[in-house]
There are 2 protein chains.
Amino acid sequence: MYQDRTEQDTHLMQEALSLAARALGRTSPNPPVGCVIYHHGRVVGRGFHPKAGEPHAEVFALKDAGDLARGSTVYVTLEPCSHHGRTPPCADALIEAGVRRVVVAALDPNPLVSGKGVEKLRNAGIQVAVGVLQEQATVQQAGFRTRIVQGRPRVTYKFAQTLDGKMAPLQREQVWLTGLSSRRFVHELRNQTDAIAVGSGTVLMDHPQLTTRLEGRDDTRDPTPVVFDRSGRVPVTAKVLREGAVVVTESQQVYPEGIRVIRSADLREVLQELGTLGINSLLLEGGPTLASAFLKAHLIDDLLVFITPKIMGTGLSSIWTELSGLQEVHGMHAENLEEDVLLRAFLNPIPGVEG
Amino acid sequence: MYQDRTEQDTHLMQEALSLAARALGRTSPNPPVGCVIYHHGRVVGRGFHPKAGEPHAEVFALKDAGDLARGSTVYVTLEPCSHHGRTPPCADALIEAGVRRVVVAALDPNPLVSGKGVEKLRNAGIQVAVGVLQEQATVQQAGFRTRIVQGRPRVTYKFAQTLDGKMAPLQREQVWLTGLSSRRFVHELRNQTDAIAVGSGTVLMDHPQLTTRLEGRDDTRDPTPVVFDRSGRVPVTAKVLREGAVVVTESQQVYPEGIRVIRSADLREVLQELGTLGINSLLLEGGPTLASAFLKAHLIDDLLVFITPKIMGTGLSSIWTELSGLQEVHGMHAENLEEDVLLRAFLNPIPGVEG
């Protein structure tokens, strides 16, 4: 039991968000969604959307709750759908189950349906509250929200730099900057991100596999590699060009079956194509050339900067491109990791956030 | 009353450290020291060393406690002195007052006297504990400890950079990077630091006064400006060359009375001279040229890096000099300020830290 309703709502929505997080990186093109059903002073049902094609979070939670759903309060991280997609509308399922109250973290970002799920529930006499832990929920759904509203994946540029802002020596040989906990963090990130972008320079120099490696975990998945290789310099035998990989090129290189090719030099066009492939989130791991092109086009949405306790003196910068002026960041937060510091910064707002 | 002795010791030493902090920047060449006397379940005496020539912290606290000092526990942030300096030994004063127990944060860094104060107290039958909040205390006394052991002030390089590691545009025009809270922080720092170093380039371009400006405060003091002007480019009429300022030059420029001149091009020699002037702490506020020279000579002890939520694209780096390799930092910590992030990093250990 909780002291008051605010405490109850916050705590149970937090649990719904944790449930949703379990499937991060597995639900695209759908969003991660979690649901908790509460009745008689305890949680009676839990569910999350495991992957596209499977039932929604509410359906799993209602099934888990069984008859106890009648008269209950339902916590769900995204507005229940009101339309027939691959599955029947969740709003209808909640109405049929006879729930008393529904608490929603964030409305659907799609302007065509946003608010309709809530309306349907209210019309059926169900109390609805919207906005509990909305910020956390929209951050968790940032990829989905960006693709729904802008047609492209959300782009995160991740890089490591020394205290004096250098990412690599001038000769560009590879140095290991970050500590173990940061490296683990990066693999957690890969595990939860739909796709990873690298430039041809990085592929030719570092021969990355761009797979997820987390010791002692057998439930990881690998992100889709997206190789930016305008002139076709990367050999088709490169390890990174595995089944399902995407190559962005202007060359007439022929690729084996299973490799998807986007022939365009326009970054916005490329991202729209990736959106069409159902990719919600794209992690930029390449060097400064690729990142600078994205930045110049205002296509970097979020930054993850690992700052390592080292000084390099001279070196290459993580970003090197003429901007029209200082680009402001909408929010920044530092976190002390074991060895390094992680700065998170938001460059573009998360779309479709409404009261 | 406290749950246990550990809680009591920690809490009261924290109070002694807070008392010491009141005189930060005012005690050189002496260290900042605070003292709390505890008896019958309450604090009965408080004191701190206000400035060189005035009595030590213990003397003020004993006076404050009066007869209640007999049988008390004394918390002092630095080992009580055992030798006659400008004032009689504090160890003797504590013995005469009949205190029962003395808790010391850190031993005296001077190898010639370190441990002797504690020994004197123990020989008089007083219980002594050493090392409570030792790390905090040595950080607070870092300037004093560095000068005592190495003969030079502790050097802190403070700079601001964007998320992408740039401190100024390539054309080097001045831009205001940091937010209000960081600027206030910098003036707090100036208020607590003995001297500020700038290069001639900064003086000629920015015409800084290097004074302390804290709104609504009438107890501030200005640090001593130290202008590095090898070839004598800075006019003697520059605002920064106020009474007491130090000029480091190889030129034969003649300076007005009241300006102290160090004629040397050797940074270590210059710092030893500043040590001789009783300067415990030196804040580097100049541009990358001066800082890089200090760094190359391993003469930067601490870094304070303000990271601002902006991206510059291209720009000058805060440090730009060939190092023999990656320079490791011994400890780094990030703090979220109102707008910016502050990274503190320790490059050289604080000397004279012993069990």
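Refer to the structure above for everything that follows.
Residues numbered from 1 in each chain as written. Chains lettered and ligands numbered in written order. Predicted model: local features only at pLDDT ≥ 70, side-chain atom pairs only at ≥ 80, totals over all residues. Heavy atoms only, no water.

(A) Seen up close, the overall build of chain A. Helix and strand counts for chain A stand at 10 helices and 16 strands. Compactness check: chain A gives a C-alpha radius of gyration of 22 Å against a globular reference of 20 Å for 355 residues, within 12% of the reference. If you line up chain A on its principal axes, its C-alpha atoms span 65 × 45 × 45 Å. Residues counted as buried form 58% of the 355 residues belonging to chain A. By sequence separation, contacts in chain A at least 24 residues apart represent 70% of the contacts at least 6 residues apart. When the accessible surface of chain A is totalled, it reaches about 15400 Å², and 50% of it is carbon and sulfur. Charge-centre separation for chain A: the mean point of 37 positive side chains lies 2 Å from the mean point of 40 negative side chains. (Helix = DSSP H or I, 4+ residues; strand = E, 2+ residues; numbered from the N terminus. Rg over C-alpha atoms; globule rule 2.2 N^0.38 Å. Buried < 20%, exposed > 50% of the residue type's maximum accessible area, 1.4 Å probe, protein only. Contact = heavy atoms within 4.5 Å. Areas by Shrake-Rupley, 256 points an atom, 1.4 Å probe, with all protein chains shown as cover. Lys, Arg positive; Asp, Glu negative; His and termini not counted. Charge placed at Lys NZ, Arg CZ, Asp CG, Glu CD.)

(B) Structural detail: the sheet that holds strand 5 (residues 127-130) of chain B. All names here are of chain B. Strand order in the open sheet formed by five strands is 2-1-3-4-5, and the pairing between neighbours is mixed. The outermost strands of the open sheet, each flanked by one partner alone, are strand 2 (42-48) and strand 5. Put simply, the sheet's adjacent strands are angled 15° from each other on average, direction ignored. Pairing of strand 4 (residues 101-106) with strand 5 involves four bridges; the strand directions are parallel. Paired with Val103 across the two strands is Ala129, which belongs to strand 5. (Pairing = 2+ DSSP bridges. Axes fitted to C-alpha atoms, helices over the stretch in contact; angles between N-to-C directions.)

(C) The packing of helix 2 (residues 57-65) of chain B against helix 3 (residues 90-97) of chain B, seen in detail. All names here are of chain B. It is at 9 Å that the axes of helix 2 and helix 3 come closest, and there the two elements cross at 20°. Taken together, the axes of helix 2 and helix 3 lie roughly parallel to each other. Crossing geometry of helix 2 relative to helix 3 is assigned as left-handed. Here Glu58, Val59 and Leu62 of helix 2 come into contact with helix 3, specifically with Cys90, Ala93, Leu94 and Ala97. (Parallel < 35°, antiparallel > 145°, perpendicular 65-115°, else oblique. Left-handed = near helix turned anticlockwise from the far one by under 90°.)

(D) Quick look at helix 10 (residues 288-296) of chain A. Inspection of helix 10 of chain A places Pro288, Leu290, Ala291, Ser292, Phe294 and Leu295 of chain A among the buried residues, and these make up the whole buried set. In the stretch just after helix 10 of chain A, His298 of chain A is the one whose phi turns positive, near 55°.

(E) Looking closely at the relation of the copies chain A and chain B. With an RMSD of 0.1 Å, chain A superimposes on chain B once it is rotated by 180° and translated 0.1 Å along the axis. As the rotation angle and translation indicate, the two copies are arranged about a two-fold axis. Using C-alpha coordinates, one finds that chain A approaches the rotation axis most closely at Gly165 of chain A, a distance of 2.0 Å. A symmetric contact is evident, with 100% of the interface residues of chain A recurring at the interface of chain B. (Least-squares fit on C-alpha atoms with pLDDT ≥ 70 in both.)

(F) Seen up close, helix 7 (residues 180-192) of chain A. For helix 7 of chain A, built from 13 residues, the straight-helix expectation of 18 Å at 1.5 Å per residue is met to within 8% by its first-to-last C-alpha distance of 19 Å. On its buried side, helix 7 of chain A packs onto strand 6 (154-162), strand 7 (195-199), strand 11 (281-284), strand 12 (302-308) and strand 16 (341-346) of chain A. (Expected span 1.5 Å × (residues − 1).)

(G) Here's a closer look at the sheet that holds strand 5 (residues 127-130) of chain A. All names here are of chain A. The mixed open sheet is built from five strands, whose spatial order is 2-1-3-4-5. If you trace the sheet from one side to the other, it starts and ends with strand 2 (42-48) and strand 5, each paired once. When the angles between neighbouring strand axes are averaged without regard to direction, this sheet yields 15°. In this structure, strand 1 (residues 34-39) lies alongside strand 2, joined through six bridges in antiparallel fashion. Counterpart to Tyr38 in the pairing with strand 2 is Val43.

(H) Here's a closer look at the interface of chain A and chain B. Each partner contributes residues to the interface: chain A has 43 residues there, and chain B has 43 residues. Taken over both partners, the interface formed by chain A and chain B buries close to 3300 Å², and the fraction arising from carbon and sulfur atoms is 68%. At the junction of chain A with chain B, the criterion picks out zero salt bridges. When its residues are assigned to classes, the side of chain A that touches chain B shows 22 nonpolar, 14 polar and seven charged. Bridge count for strand 14 (residues 327-328) of chain A against strand 13 (residues 310-311) of chain B is two bridges, and the pairing is antiparallel. Across the sheet, the residue bridging to Gln327 of chain A is Ile311 of chain B, located in strand 13 of chain B. (Buried area = accessible area lost by both parts, 1.4 Å probe. Salt bridge = Lys/Arg side-chain N within 4 Å of Asp/Glu carboxyl O. Nonpolar A, V, L, I, M, F, W, Y, C, P; charged D, E, K, R; others polar.)

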